[in-house]
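# A look at the structure
Here are the chains, one letter per residue:
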Amino acid sequence: MTLPNSSRRHFLKLTGLTLAGLPLAVSGCASALTGSRKEPSYLVYVGTYAAADADSLFLYRLNPETGALTRVGASKAGPNPTYLTLDPQQRLLYTANETEEYNGMKSGSVRAFAVDRKTGGLTLLNEQSSFGPGPCYVSLDHTRRVALVANYGGGSVCALPVQANGQLGAPSATQQHTGSGPHKNQNVPHAHCFLPDPANRFALAVDLGIDQVVAYPLEPGTGKFLNTPTTAFTTAPGAGPRHLIFHPNKRWAYLINELNSTVTALSYDASQGKFSELHTLPTLPADFTAWNACADIHVSPNGRFLYASNRGHNSIVVYAIDPGSGKLTWVQHADTQGKIPRNFALDPSGRVALVANQQTNNIVTYRIDAQTGQLTPTGVSVEVSAPVCLQVVPDFLA
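The structure displayed is predicted, hence computed values, not measured ones.

### Description of the overall build of the protein
Along the protein, the regular secondary structure elements total one helix and 29 strands. In terms of overall size, the protein behaves like a compact globule, its C-alpha atoms giving a radius of gyration of 19 Å where 398 residues would be expected to give roughly 21 Å. Along the longest, intermediate and shortest principal axes, the C-alpha atoms of the protein span 50 × 45 × 40 Å. Counting across all 398 residues of the protein, residues that qualify as buried make up 59%. Taking as baseline every contact in the protein between residues at least 6 positions apart, the subset at least 24 positions apart corresponds to 53%. Carbon and sulfur atoms make up 51% of the accessible area of the protein, which totals about 15200 Å².

### Observations regarding the environment of L354
Of note, L354 is situated in strand β26 (residues 352–357). In sequence terms L354 and G67 are 287 residues apart; their C-alpha atoms lie 8.4 Å from each other. Once residues lying within four places of it in the same chain are set aside, the contact partners of L354 are V44, L62, L69, F344, A345, D347, V364, T365, L390 and V392.

### Description of the side chain of S261
Position of S261 relative to the elements: it lies in the loop between β18 (252–257) and β19 (262–269). With relative accessibility at 6%, the residue S261 sits in the buried group.

### What to know about empty space enclosed by the protein
In this structure the tally under the stated criterion is two cavities of 30 Å³ or more. Roughly 70 Å³ of volume is contained in the largest cavity. Along its surface, the largest cavity is lined by T82, Y83, C136, H192, R242, H243, D296, R342, N343 and V388. Elements supplying a minimum of two residues to the lining of the largest cavity: β5 (81–86), β17 (241–246) and β25 (341–346). Looking at the lining of the largest cavity, its residues break down into three nonpolar, four polar and three charged.

### Notes on the environment of N260
With respect to the helices and strands, the residue N260 is situated in the loop between β18 and β19. Residue class for N260 comes out partly exposed when judged on its relative accessible area of 33%. Sequence separation between N260 and G238 is 22 residues, and the spatial gap between their C-alpha atoms is 6.8 Å. When near neighbours in sequence (up to four residues on either side) are disregarded, N260 contacts G238 and A239. Polar side-chain contacts of N260 include one of 2.8 Å to the side chain of T262.

### Considerations on the packing of aromatic side chains
Within this structure, the stated rule accounts for seven aromatic pairs. Between Y83 and Y137 the ring centres are 4.3 Å apart and the planes differ by 25 degrees, which places this aromatic pair in the stacked class. Placement of the pair is Y83 in strand β5 and Y137 in strand β9 (residues 135–140), with a sequence separation of 54 residues. Residue classification places Y83 among the buried positions, given a relative accessible area of 13%. The interplanar angle of 40 degrees and the centroid separation of 4.6 Å between the aromatic rings of Y216 and F225 together place this pair among those described as tilted.

Definitions and limits used
Residues numbered from 1 in each chain as written. Predicted model: local features only at pLDDT ≥ 70, side-chain atom pairs only at ≥ 80, totals over all residues. Heavy atoms only, no water. Helix = DSSP H or I, 4+ residues; strand = E, 2+ residues; numbered from the N terminus. Rg over C-alpha atoms; globule rule 2.2 N^0.38 Å. Buried < 20%, exposed > 50% of the residue type's maximum accessible area, 1.4 Å probe, protein only. Contact = heavy atoms within 4.5 Å. Areas by Shrake-Rupley, 256 points an atom, 1.4 Å probe, with all protein chains shown as cover. 1 Å grid on protein atoms, 1.4 Å probe; cavity = no way out; pocket = protein on both sides within 12 Å on 5 of 7 lines; lining within 4 Å. Points joined across faces, edges and corners; volume = space filled by probe spheres on them. Nonpolar A, V, L, I, M, F, W, Y, C, P; charged D, E, K, R; others polar. Polar contact = N/O pair within 3.5 Å; in protein donor to acceptor, adjacent residues only side chain to side chain. Phe/Tyr/Trp six-rings, centres within 6.5 Å; stacked < 30°, edge-to-face > 60°.

Spelled out as structure tokens, the structure:
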């Protein structure tokens, strides 16, 4: 979450939340659905920094042949829905609304929405406190019965049961992290990512402030933490781990370190919920010395390539993944055609990459070379105010 002081956390200025259980209109659906398409397409939900009464969540259709993005509609999803997740059937969508105050508490919130399968529009089901300020990440465990939330501002994590109707229940577990690190941005804990491991045995919390990945033994389907959390991995001091992604083989994982601009390749012991370092590589060219903060990380669907974003250098770094060892080899730095690439995504077919440039208010697309992993700009760029999260799903409207 590290940004220059001039653009740091403008959501702190926002106050007030509007909660109304009414359908959130998605405009333009009828026109977007007319006509025939020969190629399969995808839908892209876009989370942003936005005020409570503004359109804050946008829906686009992606053509994976050309990289073209066509706007389908927009919704008022509350202030700063800066991270989104959908259930595998794309019937429910959850947002981490990144605020500092909710219902008079020092907390952000998490919202549950029903997805209209005909229009892609959203209906608010309910809203729960995230039990900590500045929530920046929400994921679902593999039973789809628990939402896992990371509170960056509060340095805490929370598990919210998902009820049969998709609504979020009161928390089944919360945990406050403690500690600090040597970097100026590590004076307190900053939980930045919270996700289940492939076997759903552990919930893994990546904390930028304490240079740790913390493993919570997870009770399947309830979200309760069965035992005291343990340290799954400790980075180099001051690295500032931000996001974690597993390889499709479930044996390897990759950690993006925001503060020292590195990526760490890891092997995973699923029985213990612990990682071992394979190696760590820089995300920047050797001659780049200006400010940079890493952000997002993804593995290609075929497991052959790893991608990570640099804010400052404003690039996506591409690595090839060795199929025998899981180690990385640098392939490319691709310019993001904008500034502060907070989040990016790969379409499920592995043909297109989409990058959300927060500071320049644009989303751009790239063709992915299936053999080399390299990115080539398509020339497509759409304007979206402060885009910070992209979720790509099959086009259920087609």
